[in-house]
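Letter by letter, the chains look like this.
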Amino acid sequence: MTPGDFFLLFGIFYQMVQSGIDIGGFWIHLQEPVAAMRRVYFFLDYDVEADRKGMPLPPVRQGVEFENVSFDYPDGRNALNEVNLVLPVGELVAFVGPTGAGKTSLAYLIPAFLTPTRGRVLIDGRDVAHASLDSLRAQIAYVFQEHLLLSETIRENLLLANPQATEAEMYSALETASCLDFIDALPARIDTPLGRSGNTLSVGQQQRLCIARGLIREARILILDEPTAALDPQTENALLGAILRAKRDRLVIVIAHRLSTIRRADRIIFLEKGEVADNDSHDALMADPASRYRRFVELQGL
Ligand SMILES: Nc1ncnc2c1ncn2[C@@H]1O[C@H](COP(=O)(O)OP(=O)(O)O)[C@@H](O)[C@H]1O
Ligand SMILES: [Mg+2]
């Protein structure tokens, strides 16, 4: 081999190796958008919840009724068993029970986030399975156990719940949920953008904001799933007071652990392993030696 041949071959091999490295690098870079695309398509392919073109539900007047309701999750786990309940408008009802008792599942049946496996959920005597989802959910404000805020401003997060809300209504809801103290400290008050999923606020502040967002909907049915977990007792007391004042033409369901919250409810629904073990006021249940609720309160040292 002449020195010229040698350097020619060397050059060719060098270029081939370089191409190999480039292709490898390209392949690695390709993985990033592919992973992102997968997530995007996961959501795009997600089945849209079909609005069942049901009858529009008229404004709620009487309340919610559970009729022999049982619910199994798709994996076969039984969450609720033969629940019979009447929850009239005008009451503050507390769902109480150990973790996993089915409190959240029971509450999810009202806005039809879940559909009963057996039995019916009725609003004013109408099966919610036949009501259009838009008209049903327009009347229900649900404050979730896991709070969800968007990285938009506080104002935009509130308007999401009720696009027609006025400035005064927003501030009144924020005051009720004890949000004004921390909002006053923000640079642009309610026009301050929140970080990703609201993480510029503390967990308690996020939760209070979610409660304000629930209140601003002016819905006939207000469901608060463990709203007070991150609230101090004083804030909680103020919040409950405000809710009690506004509850006349509403049904308020609160899933709660603190006795101070629970005992202010008109009625306690005590759930155990998916069944309603007790259904009465705090005083009546504490006076009943056989009450499961009383046992729970005593064991928990509430
Ligand atoms: N998405 C789900 N899939 C399967 N089982 C679930 C799901 N969510 C809850 N469960 C089960 O249903 C039961 C009731 O749960 P849940 O309603 O969340 O109880 P609670 O709110 O009282 O803590 C539990 O046994 C729980 O493990
Ligand atoms: Mg729960």
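Residues numbered from 1 in each chain as written. Chains lettered and ligands numbered in written order. Predicted model: local features only at pLDDT ≥ 70, side-chain atom pairs only at ≥ 80, totals over all residues.

Okay, the overall build of the protein next. A count of helices and strands for the protein gives 11 helices and 10 strands. In terms of overall size, the protein is more extended than a compact globule, its C-alpha atoms giving a radius of gyration of 27 Å where 302 residues would be expected to give roughly 19 Å. Summarising its shape, the C-alpha atoms of the protein cover approximately 105 × 50 × 45 Å along the three principal directions. Within the protein, the proportion of its 302 residues that are buried is 33%. (Helix = DSSP H or I, 4+ residues; strand = E, 2+ residues; numbered from the N terminus. Rg over C-alpha atoms; globule rule 2.2 N^0.38 Å. Buried ≥ 20, exposed ≤ 12 C-beta atoms within 10 Å, placed from the backbone.)

Sheet architecture is open: 4 strands sit in the order 2-1-4-5, paired in antiparallel fashion. Each having just a single partner strand, strand 2 (78-88) and strand 5 (126-127) make up the two edges of the open sheet. Taken together, the 5 bridges between strand 1 (residues 63-72) and strand 4 (residues 118-123) define a ladder with antiparallel strand orientation. Along strand 4, the bridge assignment pairs E65 with L122. (Pairing = 2+ DSSP bridges.)

All right, on to the packing of helix 4 (residues 154-161) against helix 7 (residues 203-215) then. Where helix 4 contacts helix 7, the axes come no closer than 8 Å and their chain directions differ by 40°. Judged on the interaxial angle alone, helix 7 and helix 4 are oblique. When the axes of helix 4 and helix 7 are compared, the crossing they make is right-handed. Residue-level inspection shows I154, N157, L158 and A161 of helix 4 in contact with helix 7, the latter providing L209, A212 and R213. (Axes fitted to C-alpha atoms, helices over the stretch in contact; angles between N-to-C directions. Parallel < 35°, antiparallel > 145°, perpendicular 65-115°, else oblique. Left-handed = near helix turned anticlockwise from the far one by under 90°. Contact = placed C-beta atoms within 7 Å.)

Turning our eyes to something else, we now look at the site of ligand 1. The local shell around ligand 1 consists of Y73, D75, R77, A79, G97, T99, G100, A101, G102, K103, T104 and S105. Ranked by residue count, the leading element in the shell around ligand 1 is helix 2 (residues 103-108), at 3 residues. (Near = placed C-beta within 6 Å.)

Here we take up the nonpolar core. Counting 72 residues, the largest nonpolar core has A94, A212 and I223 as its most contacted members. Sequence-distant contacts of A212, defined by excluding residues within four places in its chain, comprise L158, A173, L174, A177 and C179. (Core = buried A, V, L, I, M, F, W, Y, C linked by C-beta atoms within 7 Å.)

With that settled, consider the domain arrangement of the protein. Domain assignment breaks the protein into domain 1 (1-47) and domain 2 (63-300). Using C-alpha coordinates to define each centre, domain 1 is positioned 53 Å away from domain 2. (Domains from an automatic or database assignment.)

Attention shifts here to the sheet that holds strand 8 (residues 251-255). Within the open sheet, the 6 strands sit side by side as 6-7-8-3-9-10. Their pairing is mixed. The sheet is open, and its two borders are formed by strand 6 (140-143) and strand 10 (275-280), each paired with just one other strand. The average undirected angle you get between the axes of adjacent strands in this sheet is 15°. Where strand 3 (residues 92-96) and strand 8 come together, 4 bridges link them in parallel fashion. The residue of strand 8 that forms the bridge with V93 is I253. Packed on one face of the sheet, helix 7 meets strand 6 and strand 7 (221-225) and runs near 175° to strand 6.

Next up on the list: the pairing of strand 8. Among the 5 residues that make up strand 8, 5 are buried, leaving the element largely enclosed by the rest of the structure. Side chains of strand 8 alternate between two faces, with L251, I253 and I255 and V252 and V254 buried alike. Pairing between strand 7 and strand 8: 5 bridges, direction parallel. In the strand pairing of strand 8, I221 is matched with L251.

On to helix 4. Three or more residues of helix 4 are buried, namely I154, N157 and L158. For helix 4, the arc enclosing every buried residue in end-on projection is 95°, short of the 170-degree limit, so these residues lie on one face. (Arc of directions from axis to C-beta.)

Along the chain, the position of V128 falls in the loop between strand 5 and helix 3 (133-137). Expressed as a C-alpha distance, the spacing of V128 and A112, which sit 16 residues apart in the sequence, is 7.2 Å. Setting aside anything within four residues of it in sequence, one finds V128 in contact with A112, V121, I123 and L136.

Attention now goes to unusual backbone geometry. Excluding glycine, a negative phi dihedral is what most residues carry, and trans is how most peptide bonds are arranged. Of note, E82 is a non-glycine position whose phi angle comes to about 50°, a positive value. Looking at the secondary structure, you find E82 in strand 2. One non-glycine residue with positive phi stands out, namely A112, at about 60°. We classify A112 as partly exposed; it has 19 C-beta atoms within 10 Å.

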